Protein chains: 2
Amino acid sequence: MKIVIIGIGLIGGSFARDLQRAYPEAALLGMDQDPGHLDQALSLGLVRGVATPGDLREADMVLVCIPVGSLARELPGILSQVGEETLVFDAGSTKSLICQAVAGHPARRNFLACHPIAGTEFTGPQAAVEGLFNGKTNIICEVELTAFRIQERALEVFQKLGMRIRYMNPEAHDRHIAYVSHLSHISSFMLGKTVIEKERNERDIFDLAGSGFESTVRLAKSSPAMWTPIFEQNRENVMETLDEYIANLQGFRTLLEQGDFQGVFEAMEQTNRIKDILRGIPTPKN
Amino acid sequence: MKIVIIGIGLIGGSFARDLQRAYPEAALLGMDQDPGHLDQALSLGLVRGVATPGDLREADMVLVCIPVGSLARELPGILSQVGEETLVFDAGSTKSLICQAVAGHPARRNFLACHPIAGTEFTGPQAAVEGLFNGKTNIICEVELTAFRIQERALEVFQKLGMRIRYMNPEAHDRHIAYVSHLSHISSFMLGKTVIEKERNERDIFDLAGSGFESTVRLAKSSPAMWTPIFEQNRENVMETLDEYIANLQGFRTLLEQGDFQGVFEAMEQTNRIKDILRGIPTPKN
């Protein structure tokens, strides 16, 4: 089996680790526009060599794990180079624009639009970890546009990696992911920004910060290069989530201002049931 | 050694575990206005019996681990009942009002105003864990108002529990903790509220939520009973943090609206340095 990984960062690299373990005989080759990352990926043994266009044509599987702006731009070209039976899939955190970018492509049947709900706040090949996808959910969009035999092979791979599957249409995906992921990242970044601006003496942050603070700003360590194109592509949905979130924060501020502590109590109590919803979600590995 | 723990929840219970381990011969007794909690604390072995007023007078140490509203109200009465050499300390997340409540009390010298930066999002005696305070920071306010010998004994205890000490004045504590803790809790609650309101189908939250989302709403599982009095007592500071945070979120929304993605990138990049600040902070135990 020949596997090409385009973009050997956290996601590409972690897929590399799991795929090599699941398919020990597979030849894993990589491509990365960052020569430093490519070198690191090779020395870390994530891939065994650099992939050529010929490798794309012969590949059984091509993973495209690059920022979503580049994805939309590069995917059509990649699809034009793969073989008849090559499975190509992505891991982009937005899906509408990506699906639009390949709509009607002669090799659309080779492509499976995916969003594996997995990651950490770290980046680059050195961030790659084993088992990142185990127990996680993979969102698949427009599955009906992927050739059936190629779908089947993909599902087999995801199953081997321990992923459960959820099918969604790309617009619905982008709407919901704005609330359940994109907003969290913005809240973290802006919380971090607020604290850094006001807490001039970083000693104070360090001394007073506990695991609660750490949880809420953890995502502020995320890669701006990865997240800017995501917010750009999902701009309308993200702006909507911000409007809702800001309105809720303003509402809470008003309750405080009015001294309505019964209201404050109830606002928090109603949200407590997030406990039950979160129960099934894997907690971050430390 | 006789130790009385008033309020045997997450904090009181965790102190109980660590103190019993550090002082195996100590007799730990408890008080709790919730009879259910008291029963649980007894059956979990957190304390060996129920404390009486007589026990307060004879105690070497009294820990008052109750919500900050009750603290301000009950502390003067507690101080009036303890012995000459009894060390009394609290664990309240606000300090100004609590210090004011006991200012000038004849037994002020027995009291050490503390805020151990430790906790989880869980509550009650069943939430008590061992080692919660190990490696954590304990903020001590107005240390000069506590009798020297009593201070010394307190520091010895905190050292045994693995805590490092930071001294602050109560007003400064409340100002800074608003940014580094209280705002995080509100951001979490309001994020949870926003998602619950918009994601009517909880299946969608469950399927799309990863560890990033879990991190940012984890604190929304916190106890409204604990947090309402904290926000009430620290109201002015908390409103200020909300104003700053909301302004930052609105600023980010404006950047998106204007399509200023260079600005978006930079806003996130500037916050990335939170990485270095957070490096020293213990991550949540799972």
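Please read these numbers as outputs of a predicted model, since none were measured by experiment.

Conventions we followed
- Residues numbered from 1 in each chain as written.
- Chains lettered and ligands numbered in written order.
- Predicted model: local features only at pLDDT ≥ 70, side-chain atom pairs only at ≥ 80, totals over all residues.
- Heavy atoms only, no water.
- Salt bridge = Lys/Arg side-chain N within 4 Å of Asp/Glu carboxyl O.
- Helix = DSSP H or I, 4+ residues; strand = E, 2+ residues; numbered from the N terminus.
- Buried < 20%, exposed > 50% of the residue type's maximum accessible area, 1.4 Å probe, protein only.
- Pairing = 2+ DSSP bridges.
- Least-squares fit on C-alpha atoms with pLDDT ≥ 70 in both.
- Contact = heavy atoms within 4.5 Å.
- Domains from an automatic or database assignment.
- Buried area = accessible area lost by both parts, 1.4 Å probe.
- Axes fitted to C-alpha atoms, helices over the stretch in contact; angles between N-to-C directions.

1. Quick notes on the pattern of salt bridges
- Counting across every chain of the model gives 40 salt bridges over all chains.
- A salt bridge links Arg21 of chain A to Glu130 of chain A; its shortest N-O distance comes to 2.7 Å. A residue pair is termed long-range when its members are at least 10 positions apart, and Arg21 of chain A in helix α1 (residues 10-22) and Glu130 of chain A in the loop between β6 (111-116) and β7 (137-141) qualify at 109 residues.
- Residue Lys198 of chain A is joined to Glu244 of chain B by a salt bridge in which the shortest nitrogen-to-oxygen separation is 3.8 Å. Here the residue Lys198 of chain A occupies a position in helix α7 (residues 170-198), and Glu244 of chain B occupies one in helix α11 (residues 235-257), the pair thus bridging two chains.
- By relative accessible area, Lys198 of chain A is classed as partly exposed at 35%.
- Residue classification places Glu244 of chain B among the partly exposed residues on the basis of a relative accessible area of 26%.
- Within this structure, Glu121, Glu214, Arg218 and Lys221 of chain A form a network of salt bridges that share partners.

2. A look at the sheet that holds strand β8 (residues 164-168) of chain A
All names here are of chain A.
- The strand order β3-β2-β1-β4-β5-β6-β7-β8 describes an open sheet built from eight strands, whose pairing is mixed. Both outer strands of the open sheet, β3 (49-50) and β8, are each paired with one neighbouring strand and no more.
- Alignment of strand β1 (residues 2-6) against strand β4 (residues 61-64), held across four bridges, turns out to be parallel. Bridge pairing in β4 links Ile3 to Met61.

3. Observations concerning the relation of the copies chain A and chain B
- With an RMSD of 0.0 Å, chain A superimposes on chain B once it is rotated by 180 degrees and translated 0.0 Å along the axis. The symmetry that links the two subunits is that of a two-fold axis.
- Here 100% of the contact residues of chain A are again contact residues in chain B; the copies associate through an equivalent surface.

4. Looking at the domain arrangement of chain A
All names here are of chain A.
- Segmentation of chain A into domains returns domain 1 (2-169) and domain 2 (173-278).
- The distance between the C-alpha centroids of domain 1 and domain 2 comes to 31 Å.
- Listed per partner, the contact involves 18 residues of domain 1 and 15 residues of domain 2.
- Between domain 1 and domain 2, a total of about 1,300 Å² is buried, with carbon and sulfur atoms accounting for 61% of that surface.
- Contact with domain 2 buries area across many residues of domain 1, yet Ser93, Thr94 and Glu121 alone supply 41% of it, more than any other trio.
- Applying the counting rule to domain 1 against domain 2 returns two salt bridges.
- Arg218 serves as the salt-bridge partner of Glu121, at 2.5 Å between the closest nitrogen and oxygen.

5. What to know about the sheet that holds strand β7 (residues 137-141) of chain B
Residue and element names in this part refer to chain B.
- Ordered by their spatial adjacency, eight strands build an open sheet running β3-β2-β1-β4-β5-β6-β7-β8, and the pairing between neighbours is mixed. Of all the strands in the sheet, just β3 (49-50) and β8 (164-168) have a single pairing partner and so form its edges.
- Two elements, strand β2 (residues 27-31) and β3, share two bridges in a ladder whose sense is parallel. Directly across from Gly30, in β3, lies its bridge partner Val50.
- Lying over the sheet, helix α7 (residues 170-198) contacts β6 (111-116), β7 and β8, oriented at roughly 110 degrees with respect to β8.

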